[in-house]
Every structure is written in C-alpha cells, then in structure tokens.
Amino acid sequence: MQDQVININEKLSELKELWSPKVIGEIHDFQFKVVKIAGDFIWHEHQGADKVFIVLEGEMFIAFRDGQVKISKGEMFIVPGGAEHMPFAEKECHIMLVEPKVAVMATDIEPE
C-alpha cells in the first residue's frame, strides 16, 4: 500500500478543458474525478449506477424532466442510477464526481 496525498486544487489547475473529467483516485470499484464545467451538458442517464456530484467551487444545477436542483459550494447531490438528467452551470464551476469505474451512459443526443 502506498500512502499518497492528493491535492484537489492542484489536479483542478491541470484541467484546461471544460466537461473533461480527470480521475484523481480510486477505491474499490469507484472513481473520484474532478471536472470544470460551464454551460449545458447533454440529457443522459447512467444505467444502474448512482453518481455523486460535490461542488468544490461555484454553483451548478442538475435539471430533471420534472424539475431541477441547485448545488452550491460545499454541497453534494446524488443522482440515482437511471434518472435522466442534464447538469449545467451559469458560470464556471469546479466539481468532484464519485461514480463506479464502469458506468454506462445512455443519451438521447448522439455525441458530435
């Protein structure tokens, strides 16, 4: 076993593109990812896998077909597996994601 401190701010500073998560750690079958977001993502769902959003800086929203939630710095939200959702942020927001290593994403929009 190797003990290693992971500096989250340092990992975030390495990110140059929005909506491009970077894995910074793993435990059991889960990955911890950091990502910078702004604007809208696409409507999608994760089949059979819950996903945790933790806001590190700024605020974000997650739209659902029947409403939306706002997540601010220091807050987290769990999106249940299979729930169709669209993350978005009005201004740049830094978040950590916690999700299974193998998460299947289904979308109603084909990636470009």
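This text follows the structure it describes.
The sections below set out a description of the structure shown in this document.

How each quantity is defined
Per chain, residue numbering runs from 1 following the sequence as it is written. Predicted model: local features are reported for residues with pLDDT of at least 70 only, side-chain atom pairs are reported and counted for 80 or more only, and whole-chain, interface and lining totals are derived from all residues. Side-chain figures throughout are based on the complete set of non-hydrogen atoms in the structure, without hydrogens or water. Secondary structure counts use DSSP, requiring at least four H or I residues in a row for a helix and at least two E residues in a row for a strand, with both numbered from the N terminus. To sort residues, take the accessible area from a 1.4 Å probe on protein chains only and compare it with the maximum for the residue type: under 20% means buried, over 50% means exposed, and anything in between is partly exposed. A contact between two residues is defined here by any heavy atoms of the two lying within 4.5 Å. We get accessible surface area from the Shrake-Rupley algorithm with a probe of 1.4 Å; when it comes to residues, only the shown protein chains can shield them. Two N or O atoms count as a polar contact when they lie within 3.5 Å, although within protein this holds only if one can serve as hydrogen donor and the other as acceptor, and sequence-adjacent residues are included solely when both atoms are side-chain atoms. Paired strands, in this sense, are two strands between which DSSP finds at least two bridges. Classification of ring pairs uses Phe, Tyr and Trp, with its six-membered ring standing for Trp, and accepts pairs whose centres are within 6.5 Å; under 30 degrees between planes counts as stacked, over 60 as edge-to-face, and the remaining range as tilted. Note on geometry: a ring has a charge over it if NZ (lysine) or CZ (arginine) is within 6 Å of the ring centre and within 35 degrees of the ring normal.

Take the overall build of the protein chain next. If you tally the helices and strands in the protein chain, you get one helix and nine strands. For the protein chain, the succession of helices and strands along the chain, N to C, is α-β-β-β-β-β-β-β-β-β. Expressed as a percentage of the 112 residues in the protein chain, the buried residues total 36%. Taking as baseline every contact in the protein chain between residues at least 6 positions apart, the subset at least 24 positions apart corresponds to 63%. Total accessible area on the protein chain stands at roughly 7,100 Å², and carbon and sulfur atoms take up 52% of it.

A few words now on the environment of R65. Note that R65 resides in the loop between β5 (59–64) and β6 (67–72). Sequence spacing of R65 and E84 is 19 residues, and the spatial spacing of their C-alpha atoms is 7.1 Å. At 3.0 Å, the side chain of R65 forms a polar contact with the side chain of E84.

Attention now moves to the pairing of β6. Of the strand pairs in this sheet, β5 and β6 are connected by six bridges, and their pairing is antiparallel. Looking across to β6, one finds that F61 is bridged to K70. Hairpin geometry of β5 and β6 is characterised by an intervening segment of two residues between the two adjacent antiparallel strands.

On to the packing of aromatic side chains, then. Throughout the structure, instances matching the rule amount to three aromatic pairs. Between F61 and F88, the ring centres sit 5.1 Å apart and the planes meet at 15°, which makes this aromatic pair stacked. A residue pair is termed long-range when its members are at least 10 positions apart, and F61 in strand β5 and F88 in strand β8 (residues 85–100) qualify at 27 residues. F61 sits in the buried class, given a relative accessible area of 10%. Of note, R65 hangs over the ring of W43, and the distance from its end group to the ring centre comes to 3.8 Å.

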